[in-house]
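What follows is each chain in one-letter form.
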Amino acid sequence: EYMASGRPIVYSNLEIIGEILEGRATPFIPDDAVSLAHTLTTLFHEREVAEKVGMKNIDALHAYTWDARVKHIVDFINT
């Protein structure tokens, strides 16, 4: 849902989240308020870059539909 919004995304830098959002969002260190504040400040000051990254998410959505995920799993099982 966040990717579909086309807006910049900030996420807690956990491996399971990073699998999908790496390169498409800006991470911060979990449980670190300074890291979160720095990330938000950076996005605020680099708005144009953040907006471009957010818009790239819309293009990437086709890889995360239910049909695409099922195909990926079936292909993995068949290899």
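To be clear, the structure that these remarks concern was listed above.
Residues numbered from 1 in each chain as written. Predicted model: local features only at pLDDT ≥ 70, side-chain atom pairs only at ≥ 80, totals over all residues. Heavy atoms only, no water.

Turning to the pattern of salt bridges, a few remarks are in order. Applying the stated criterion to the full structure yields three salt bridges. Among the ionic pairs, R7 bridges to E51, the shortest N-O distance being 3.0 Å. Taken together, the residues span a long stretch of sequence, with R7 in the loop between α1 (2–5) and β1 (10–12) and E51 in helix α4 (residues 47–60) at a distance of 44 residues. You can call E51 partly exposed: its relative accessible area is 24%. (Salt bridge = Lys/Arg side-chain N within 4 Å of Asp/Glu carboxyl O. Helix = DSSP H or I, 4+ residues; strand = E, 2+ residues; numbered from the N terminus. Buried < 20%, exposed > 50% of the residue type's maximum accessible area, 1.4 Å probe, protein only.)

The subject of this paragraph is helix α3 (residues 33–45). Under the 1.5 Å per step criterion, the end-to-end length of α3 is 18 Å for 13 residues, consistent within 8% with the ideal 18 Å. Residues S35, T39 and L43 constitute the buried set of α3. When α3 is viewed along its axis, its buried side chains cluster within an angular range of 70° and face the same direction. In α3, the exposed positions that point more than 90 degrees away from the buried face belong to A33, V34, H38 and H45. (Expected span 1.5 Å × (residues − 1). Arc of directions from axis to C-beta.)

Okay, the environment of I20 next. Checked against the element boundaries, I20 lands in helix α2 (residues 15–21). Along the chain, I20 and E48 lie 28 residues apart, while their C-alpha atoms are 22 Å from each other. Non-local contacts of I20, meaning those with residues more than four positions away in its chain, are made with M3 and Y64. (Contact = heavy atoms within 4.5 Å.)

For α4, which comprises 14 residues, the first-to-last C-alpha distance of 20 Å matches the rise-based estimate of 20 Å (1.5 Å per residue) to within 8%. Within α4, the full set of buried residues consists of A50, G54, N57 and A60. For α4, the buried positions fall inside an angular range of 110° around the axis, keeping them on one side. Exposed side of α4, more than 90 degrees from the buried face: E48, V49, K52 and D59 are the residues found there.

This brings us to unusual backbone geometry. Phi angles above zero are rare outside glycine, and D31 is one such case at about 60°. Residue position: D31 is located in the loop between β2 (26–28) and α3. Assessed through its relative accessible area of 85%, D31 is described here as exposed.

Turning our attention to the nonpolar core. The biggest cluster of nonpolar side chains holds six residues, and these are M3, I9, Y11, L21, A25 and A60. With residues up to four places along the chain from it excluded, the contact list for A25 reads I9, Y11 and V53. (Core = buried A, V, L, I, M, F, W, Y, C linked by side-chain atoms within 4.5 Å.)

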